[in-house]
Amino acid sequence: MSEKLLNTEDFIDSASEDRKLEGLNYLGNHLESQTKVTTGDKGQASHEPGIDFGEAPDGGLRAWLVVVGVTLVIFSTFGVANSWGVFQAYYEENLLSNLSPSTISWIGSVQYALVYLPALAAGRLFDLGYFKIPCFAASCVAVACMFLTAECTQYWQFFLVQGLVAGMSSGIM
């Protein structure tokens, strides 16, 4: 029977690696623990874990509040972006009837693209622990965009408010 020791450090992702460098490793004292992999007579590997993670804990009220909060964020970001068809139909018939549908569709296309683009940087910041300030600021901007969209009368105003700013704030949330 041959034995090979695997270090759990080999399996830590980049965010955890940064936390470890900052002294914030969430594995605590078990970071240096090892898992023993043994090979039996028939070539089958058996794992003997060095870390026992146990059952997933029940978070209670705090965990359910997180679920409600995430649901509200998804509703306010992807829900608004996915309802673009309703906005476009209204703009074509009433407010921007002098423009072609393809020109009007640029507002929603830019908004939907910007839901994903800022998430690259914002996701990394959230992984590093900077969550409350960017999320609160983006939430306030998103609410302001909804109110400002009602005041828009020209194409460039809709593009700026609903396309660019609302898209960026949704991506940061």
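- Under an unreviewed UniProt entry, the chain has the name MFS general substrate transporter and belongs to Rhizopogon vinicolor AM-OR11-026.

1. Some remarks on the packing of helix H6 (residues 132–149) against helix H7 (residues 155–172)
(1) Moving on: Contact geometry of H6 with H7 gives a least axis separation of 8 Å together with a crossing angle of 155°. One way to sum up the angle between H6 and H7 is to call them roughly antiparallel. In this structure, H6 crosses over H7, and the sense of that crossing is left-handed. Contacts from Pro134, Ala138, Val141, Ala142, Cys145, Leu148 and Thr149 in H6 reach Phe158, Val161, Gln162, Val165, Ala166, Ser169 and Ile172 in H7.
(2) Moving on: When grouped by side-chain class, the residues that make up the contact of H6 with H7 number 11 nonpolar, 3 polar and no charged.

2. Some points on helix H3 (residues 84–95)
(1) Moving on: Taken residue by residue, H3 has Trp84, Gln88 and Tyr91 as its buried positions. In an axial view of H3, the angular spread of the buried residues amounts to 65°, which keeps them on one side of the axis. Facing away from the buried side of H3 by more than 90 degrees, the exposed set consists of Val86 and Glu93.
(2) Moving on: Turning to H3, the residues buried within the fold contact helix H2 (61–82), helix H4 (101–116), H6 and H7.

3. Regarding the packing of aromatic side chains
(1) Moving on: Under the definition given, this model contains 9 aromatic pairs.
(2) Moving on: Centroid distance tryptophan 84 to phenylalanine 87: 6.3 Å. Interplanar angle 20°. Geometry classified as stacked. You can see tryptophan 84 and its partner phenylalanine 87 sitting in helix H3, 3 residues apart, about one turn around the helix.
(3) Moving on: You can call tryptophan 84 buried: its relative accessible area is 10%.
(4) Moving on: Among the aromatic side chains, those forming a connected cluster through ring pairs are Trp84, Phe87, Tyr90, Tyr91 and Phe158.

Conventions and cut-offs
Residues numbered from 1 in each chain as written. Predicted model: local features only at pLDDT ≥ 70, side-chain atom pairs only at ≥ 80, totals over all residues. Heavy atoms only, no water. Axes fitted to C-alpha atoms, helices over the stretch in contact; angles between N-to-C directions. Helix = DSSP H or I, 4+ residues; strand = E, 2+ residues; numbered from the N terminus. Parallel < 35°, antiparallel > 145°, perpendicular 65-115°, else oblique. Left-handed = near helix turned anticlockwise from the far one by under 90°. Contact = heavy atoms within 4.5 Å. Nonpolar A, V, L, I, M, F, W, Y, C, P; charged D, E, K, R; others polar. Buried < 20%, exposed > 50% of the residue type's maximum accessible area, 1.4 Å probe, protein only. Arc of directions from axis to C-beta. Phe/Tyr/Trp six-rings, centres within 6.5 Å; stacked < 30°, edge-to-face > 60°.

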